[in-house]
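So the chains spell out like this:
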Amino acid sequence: MRRFVFITFFAAVPALGQSSQGDVAITIYNNDLALVQDVRQIAIPAGRSRQEFADVSARIRAETVSFAAADTAIVEQNFDYDLLSPGKLMEKAVGQVVTIVRINPATGTEVREQAKVLATNGGVVLQIGTRIEVLRDDGLPVRVIFDKVPENLRARPTLSVTLESRRAGVRPARLTYLTPGLAWKSDYVALFDEGAGKIDVQGWITLTNSSGTSYTNADVVMVAGAPNDGNNYNNNYRSYRPPAASDLVRAGTESGGRPRLGDYYLYPLAQRTTIANAQTKQVSFLDVQGAGATKAYHFTVGWMQTIETPMSASTVLNFSNSKAGGLGTQLPAGTVRVYIRDARGAPQFIGESGIGHTPMGSEIAIRTGEAFDVKVKSAVTKREKITRDEWERTARYRITDSRDGTRIVEVETNPVFNRTTMTYTLTNARPTPAVVNLVQTGLDNAYHDTRIVEESMRGEQISLNDRRYRVTVPGNGETVVTATFDTRY
Amino acid sequence: MVRLVAALLLCLAAPALAQPVVVSPAPEAVSVTVYRDPNRSTWGEMDLKWLGGYALVTETRTVDLPAGPSVIRFEGVAGNILPVSAIVSGLPGRVPEKNYDARLLSPGALVEAFLGRQVHIRRTSRATGKTVEMEAILRSGPDGIVLTTAEGVEALRCTGLPESLVYPGVPADLSDRPTLAVQTETAAPARATLRLSYLAGQFDWQANYVAQLAPDGRTVDLFAWLTLANGNDESFAAARTQAVAGTVDRVEAEGDEGAEPVSPQISLQCWPAGTTSDTAYMVPPPPGPPGEYAMYGADIVVTGARIRHPNLMSSIPITSIGGAELEELGDLKLYRIPDPVTVAANSQKQVGLLSKTRVPVERINAAWLEAGRRLDEPEEAGVVLRTRNVAERNLGLPLPMGPLAIFEEVGGRQMLTGQGAIADSAVGQEVEIAVGASPGVFVHQRLGPKKKKKKKTKKGEEKPDEDEEDDSSYLPGRYELEVSNATPHAVEVEVNLWRRDQRALVRRASRDLAMKNGRYVWRARVPANGRATLAYTYVPAPEDEEED
């Protein structure tokens, strides 16, 4: 008897450690969404049969499952999540006979009895022969032994498909489903050599698996993009959003050699890999040596902003991902960590920045931090109301509307004009000259008629709102720039 | 039979071990570069219980690699490693893949790993102490465990018997802590010295300045500590140690911390256990998650001495040897501690950062007032220490930001006379430190006894800012500014008159006013126990008309 039982045990245990997954292919999107395709070799009998699928994602979106196998038709698809627990076990035993083993606390001797479970409401009521008892009413040890695990109670939520097959035999069956919990982004390591004006960049695809399941020997493809996820709450939750692409100076127009899916670039992994549960996996996809890069300083002064304590200018790293002189590939969204070598040659971290999906051929500017030695002060040194002629005092408009036809409206305006003089003091405590891109912003304010009256060096209007001065500050020196603006505000 | 089980279990561990695993237990040499918490203010103290800064840890390790593909597992890395930042260099082959596994060995993880597999259940008789062990298959868990034994189906811990599960081994993919591993491939067996570098949290540093004011009040001796702290559970012995000053950008991206450590918790639920007596006996409550017990035993006790700033109150002058060496790092400043030091786990360390004697300073009483704003009562003037960060003033070196304590000898006894903070200051920059208020010098500003012209309130409610709050502020008229001195010596007070709107004007001032950074400055000399006054006419800014 004992021997026989053991043999059935081994039959019952699935081949230990072997996942029941077949040939797994995974496509991972940026918004915490993955498509899993699992082709399993399944022995399907002729006629109607029920197939269970273990080792699917623990966070499977069951409603997205599709199943296909040759010569079969699906009768129904089920996702059962009635889980086995001691309480459920007892509940399902109501009306049935179980074995109870009483253990004498003084001697350890066992007494076996058959008992019928009458109810489990708050406590377990048993019928033993003609007696009615409450299980362990006296607190003494009692083992309860059930004959079998009830049908439909499972250790884990289980996906099953009921099939109608025209023939019997082993054949590949394809299971596809969507699941959250698999996400990817990229991480870049950039080693900048300021003297040579070069940058070495390594790119890593970073995959995280929090889906609750490991995927063995999977063929993995990452898609640089996020398909619209509708209104599904699960998808919006925890989704990875690429950092703002504000660092993109000029969007590229070159096409990379990577395979595409519609408008999205694909990043297939070169070889099959196992993605374990709770694993962060990084796979190399880019290694470029000696691309051109330059450093620049930026500072933006707000409208009428007075800065008394000098503020540091931003240190910005400029590079390109064009084929000529750049990284030569499009860059999926992620984090760029920048290192430079210290006096002893050891790389040291100098800052990081996020980039968005960047098409090939783009010019990229990333801020790594602030320059300790390059600083800017600003002050409103003069501001006064100025007079204007009457020419703007009255304006006439012809207005046509559907109800009243054409009419003429006079609008009285009495605009205020102000003249503001700004003084910017730029200092450089480094021994070498520094070029600072100083931007005065806030020049538009929806009036579109701001005028520059006077400036100590020629600025460049980069937009209605922003005017840029490229200021060279001598080593261990200071440069003062003044500018006067006429505004309506 | 048991042997077969063991063999099968080895197979179970096998898929994770497809490639030979080389374990690198510890680094031979380590370098730690500490970065300041970017969100901590200039004067803020480090919170030793939760350090917001980080460090770049660079470790040198030697491994013996077999020919062909292999996996190198790194042990003893900082607990707060940022796994995505790990860089491995110096391997003979390339590194196609890096993995960071966060499945931890725990009671719950064991139950999950052995679900559907063979374990043993051991029951001990309370009467005789005899143990009985049976083979069983785990049918459910970790929320309530159901077992199949040779006798039938049973639930764990519903019997009132002492019983426990015994597992035949540890699954290979469970580890005691999250583990970093890299794949590599080598043509021939080789001994490789590799460099592993990564960013790790729970570090911080700052500069702490101590200034000793000379008896004449004209110079200070300035000393600064480089204070660094490590909140990780790992010590870095004989580490080359650096600190970086300046602003270094960080971004927070999801997934940087790696997948969250997974250690499922067990909650042993049983069937309803109510009895006739109802309250007399209950099934033992489910044990809490293991972490809870550990917490009870390990209350974190931080003594006052540990938290208190160690050197703020110590007597000075301080002499320190082997202070940090300054080095340029791009646009940042790197301070290198010349000799390797041990950065111990959960500890704070201080070395000398800089020491400058006889730095001339101006100790100035300064007041900040808005032109045209009436004060309800006199205000204390502030005390500012001002100098220039230049060699002529015995300075002329970058000053990284940090708190400053000023001491003065009064009657042969060291007194703390003020506390302030130094912002990041480049060479050549004016350094101004607000160190406190001066209790003897007050300023007051009043509108003179002139006609009060009612402010025009054409569209009264459209500008509900503080301009409207105090009806008597920003009115045109003659204002009187008075500085009073209750000290027995004459003082110089720098009164700064600033304007919210630069179109407002100060006219017909009774004293000479200088202009600095767009504000009026009156340098008032106030005699001992005396007063000085400034009268001026305030012309408010013209009102902006709405256009429609």
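Residues numbered from 1 in each chain as written. Chains lettered and ligands numbered in written order. Predicted model: local features only at pLDDT ≥ 70, side-chain atom pairs only at ≥ 80, totals over all residues.

The next thing to look at is the overall build of chain A. Counting secondary structure elements, chain A contains three helices and 32 strands. Taking all 489 residues of chain A together, 37% fall into the buried category. (Helix = DSSP H or I, 4+ residues; strand = E, 2+ residues; numbered from the N terminus. Buried ≥ 20, exposed ≤ 12 C-beta atoms within 10 Å, placed from the backbone.)

With that out of the way, let us pick up the overall build of chain B. Looking only at helices and strands, chain B has four helices and 29 strands in total. The buried share of chain B, taken over its 548 residues, is 39%. Taking contacts inside chain B between residues at least 6 apart in sequence as the whole, the part at least 24 apart equals 77%. (Contact = placed C-beta atoms within 7 Å.)

Residue and element names in this part refer to chain B. Assignment of secondary structure puts Val-30 in strand 2 (residues 29-35). Since 24 C-beta atoms lie within 10 Å of it, Val-30 is described here as buried. Between the C-alpha atoms of Val-30 and Val-341, which are 311 residues apart in sequence, the distance is 10 Å. In this view, Val-30 contacts Val-57, Thr-58, Glu-59, Phe-236 and Ala-239; residues no more than four positions away in its chain are not counted.

Moving on: the environment of Arg-50 of chain A. Residues and elements named next belong to chain A. Relative to the elements of secondary structure, Arg-50 occurs in strand 3 (residues 47-53). Overall, Arg-50 belongs to the exposed group, with 11 C-beta atoms counted inside 10 Å. Separated by 111 residues in the primary sequence, Arg-50 and Val-161 place their C-alpha atoms 5.7 Å from one another. Setting aside its immediate chain neighbours within four residues, Arg-50 contacts Ser-160 and Thr-162.

Next up on the list: the sheet that holds strand 9 (residues 146-149) of chain B. Residues and elements named next belong to chain B. If you walk across this open sheet you meet the five strands as 10-9-8-7-11, and the pairing is antiparallel. The sheet is open, and its two borders are formed by strand 10 (152-155) and strand 11 (163-166), each paired with just one other strand. Strand after strand, the sheet turns through a mean of 40° between neighbouring axes, direction not considered. With four bridges joining them, strand 7 (residues 118-124) and strand 11 adopt antiparallel strand pairing. Its bridge partner being in strand 11, His-120 is matched across the sheet by Val-166. (Pairing = 2+ DSSP bridges. Axes fitted to C-alpha atoms, helices over the stretch in contact; angles between N-to-C directions.)

The subject of this paragraph is the interface of chain B and chain A. Residue-level contacts link 100 residues of chain B with 106 residues of chain A. Pairing of strand 20 (residues 279-301) of chain A with strand 6 (residues 97-101) of chain B, which is carried by five bridges, proceeds in the antiparallel orientation. Of the residues in strand 6 of chain B, the one forming a bridge with Lys-281 of chain A is Asn-99 of chain B.

Moving on, we get to the pairing of strand 29 (residues 531-539) of chain B. Residues and elements named next belong to chain B. Strand direction decides the pairing type here: strand 24 (residues 477-485) and strand 29, joined by eight bridges, are antiparallel. Bridge pairing in strand 29 places Arg-478 opposite Thr-537. Here strand 26 (residues 505-507) pairs with strand 29 via three bridges, running antiparallel. When the bridges of strand 29 are listed, Leu-505 appears paired with Val-539.

All names here are of chain A. Taken together, five strands build an open sheet; the order of strands is 9-8-7-6-10 and the sheet is antiparallel. The two strands at the open ends of the sheet, each matched to only one other strand, are strand 9 (131-134) and strand 10 (142-145). Shown here is a sheet whose adjacent strand axes are inclined to one another by a mean of 40°, direction ignored.

Residue and element names in this part refer to chain A. Across chain A, the average pLDDT comes to 84, with 86% of residues at 70 or higher. Per-residue pLDDT stays below 50 along residues 1-16; that stretch engages in 17 contacts with residues further than four places along the chain or on separate chains. Counted against residues more than four places away or in other chains, residues 231-246, with its pLDDT under 50, gives 30 contacts. (pLDDT = per-residue confidence, 0-100.)

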